[in-house]
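What the coordinates show
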Amino acid sequence: MTPDEAKLLTILRNHAGLARAISLMDVSERMGYGRDKNGTRKVQELKRALVELGYPIGSSSASTGGGYYMATTEAELQATIQQYAHRFYSLSTLLKRMRGMLAKPEPAQQTMSWGE
């Protein structure tokens, strides 16, 4: 675990449960990255690494009370999984539509030849 991952984990341990979620911008600021896009992106990468290490970090995109937190119940984990599933579905729909916008290759003309 990197020092930054350990620092993020320490911050999130003080935010156990959805009711105590901390916003992405607030986490970024506490990490010393500031509140801009680069800082929040770094926090997102660190959070992903921690989840890949097996830490149950929940996230909520609710406009009020949303953010990151240490999931303490199965319901909180399920809510995070559902949120990610919706995001995945939305992205897959966009991919399908964008692929439909690509130029379609002309079908190859088939020719018949009768020996030479």
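Structure first, text after, so check above.
Attention in this report is confined to the structure presented alongside it. What you see is a predicted model; the values in this text were computed from it and never measured.

What counts and how
- Residues numbered from 1 in each chain as written.
- Predicted model: local features only at pLDDT ≥ 70, side-chain atom pairs only at ≥ 80, totals over all residues.
- Heavy atoms only, no water.
- Helix = DSSP H or I, 4+ residues; strand = E, 2+ residues; numbered from the N terminus.
- Buried < 20%, exposed > 50% of the residue type's maximum accessible area, 1.4 Å probe, protein only.
- Axes fitted to C-alpha atoms, helices over the stretch in contact; angles between N-to-C directions.
- Parallel < 35°, antiparallel > 145°, perpendicular 65-115°, else oblique.
- Contact = heavy atoms within 4.5 Å.
- Nonpolar A, V, L, I, M, F, W, Y, C, P; charged D, E, K, R; others polar.
- Core = buried A, V, L, I, M, F, W, Y, C linked by side-chain atoms within 4.5 Å.

1. Structural notes on the environment of Asn-38
- Position of Asn-38 relative to the elements: it lies in helix 3 (residues 37-52).
- Asn-38 sits in the exposed class, given a relative accessible area of 62%.
- Sequence spacing of Asn-38 and Leu-8 is 30 residues, and the spatial spacing of their C-alpha atoms is 16 Å.

2. A short note on the packing of helix 1 (residues 3-13) against helix 3
- Between helix 1 and helix 3, the shortest axis-to-axis distance is 10 Å and the interhelical angle comes to 85 degrees. The pairing of helix 1 with helix 3 is recorded here as roughly perpendicular in orientation. For the pair formed by helix 1 and helix 3, the contact residues are Asp-4, Glu-5, Leu-8 and Leu-9 on the first element and Lys-42, Val-43, Leu-46, Lys-47, Ala-49 and Leu-50 on the second.
- Tallied by class, residues from the contact of helix 1 with helix 3 come to 6 nonpolar, no polar and 4 charged.

3. Describing the nonpolar core
- Counting 13 residues, the largest nonpolar core has Leu-8, Leu-12, Val-27, Met-31, Val-43 and Ile-57 as its most contacted members.
- Looking at this core, the elements with two or more residues in it are helix 1, helix 2 (24-31), helix 3 and strand 2 (67-70).
- With 4 residues, helix 1 is the single largest residue contributor to this core.
- Setting aside residues no more than four positions away along its own chain, Leu-8 makes contact with Val-27, Met-31, Val-43, Leu-46, Lys-47 and Leu-50.

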